[in-house]
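So the chains spell out like this:
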Amino acid sequence: NPATQLLRYVWDQAVRMKDGTVQLYSNHKTCNGIRAKQRSYLESLPNLDGRRVKVKSNTGGITYGEYDFLRRGRDDRSKLGSMMFMMFF
């Protein structure tokens, strides 16, 4: 029945969209936790002459797995941005 197939397709797409947004939000919270660890590491660095130490790239205070998670998150965000751009333009 075509109507049943259409409803099934719409339902499946809605479920997939919900699951994807839940996954994106949980990844966002994890990334924020990792970035908080990076900030606390930067704040623990000694000050020179009363000034904060300027660091070009902050990968201190986190494990390689956390660093890799942040990199994959950045790649996923760029893919999502490209997909949204292609959907609307």
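You'll find the structure just up there.
Reading the values: the criteria
Residues numbered from 1 in each chain as written. Predicted model: local features only at pLDDT ≥ 70, side-chain atom pairs only at ≥ 80, totals over all residues. Heavy atoms only, no water. Patch = residues over 30% accessible without salt bridge, like charges linked within 9 Å, V, L, I, M, F, W, Y side chains within 5 Å. Areas by Shrake-Rupley, 256 points an atom, 1.4 Å probe, with all protein chains shown as cover. Salt bridge = Lys/Arg side-chain N within 4 Å of Asp/Glu carboxyl O. Helix = DSSP H or I, 4+ residues; strand = E, 2+ residues; numbered from the N terminus. Core = buried A, V, L, I, M, F, W, Y, C linked by side-chain atoms within 4.5 Å. Buried < 20%, exposed > 50% of the residue type's maximum accessible area, 1.4 Å probe, protein only. Contact = heavy atoms within 4.5 Å. Polar contact = N/O pair within 3.5 Å; in protein donor to acceptor, adjacent residues only side chain to side chain. Axes fitted to C-alpha atoms, helices over the stretch in contact; angles between N-to-C directions. Parallel < 35°, antiparallel > 145°, perpendicular 65-115°, else oblique. Left-handed = near helix turned anticlockwise from the far one by under 90°. Nonpolar A, V, L, I, M, F, W, Y, C, P; charged D, E, K, R; others polar. Expected span 1.5 Å × (residues − 1).

*Asks:* Looking at this model, I keep getting lost on a nonpolar patch on the surface. Mind explaining?
*Replies:* Taken together, the side chains of Leu 24, Leu 80, Met 83, Met 84, Phe 85, Met 86, Met 87, Phe 88 and Phe 89 make up a nonpolar region of the molecular surface, amounting to roughly 1,100 Å² of accessible area. With seven residues, helix α2 (residues 64-88) is the largest single contributor of residues to the nonpolar patch. Inspection of the secondary structure assignment puts Met 86 in helix α2.

*Asks:* I keep staring at the nonpolar core and nothing clicks. Help me out?
*Replies:* What tends to happen in soluble globular proteins is that the nonpolar side chains get buried as a cluster. Core analysis: the biggest nonpolar cluster contains five residues, these being Cys 31, Ile 34, Ile 62, Phe 69 and Leu 70. For this core, the secondary-structure elements that each account for two or more residues are α1 (2-44) and α2. Apart from the residues within four sequence positions on either side, Phe 69 is in contact with Asn 27, Thr 30, Cys 31 and Ile 34.

*Asks:* Sorry, what's going on with the side chain of Glu 66 here?
*Replies:* Along the chain, Glu 66 turns up in helix α2. At 2.7 Å, the side chain of Glu 66 and the side chain of Lys 37 are in polar contact. Residue contacts for Glu 66: discarding those within four places in its chain leaves Ile 34 and Lys 37.

*Asks:* Any chance you could explain the packing of α1 against α2 here in plain terms?
*Replies:* Helix-helix packing: each pair is described by the crossing angle between the helix axes and the interaxial distance. Relative orientation of the contacting elements α1 and α2 amounts to 135°, with a least axis distance of 10 Å. Taken as axis vectors, α1 and α2 run oblique relative to one another. Handedness of the crossing formed by α1 with α2: left-handed. For the pair formed by α1 and α2, the contact residues are Leu 24, Asn 27, Thr 30, Cys 31, Ile 34, Arg 35, Lys 37 and Gln 38 on the first element and Glu 66, Phe 69, Leu 70, Arg 77 and Leu 80 on the second. Tallied by class, the residues present in the contact of α1 with α2 amount to six nonpolar, three polar and four charged.

*Asks:* I keep staring at α2 and nothing clicks. Help me out?
*Replies:* Residue pairs spaced three or four apart in an α-helix point in one direction, given the helix's 3.6 residues per turn. With 25 residues, α2 extends 36 Å from end C-alpha to end C-alpha; this agrees with the ideal 36 Å at 1.5 Å per step. Within the span of α2, buried status applies to Glu 66, Phe 69, Leu 70 and Gly 73. Contacts made by the buried residues of α2 are with α1.

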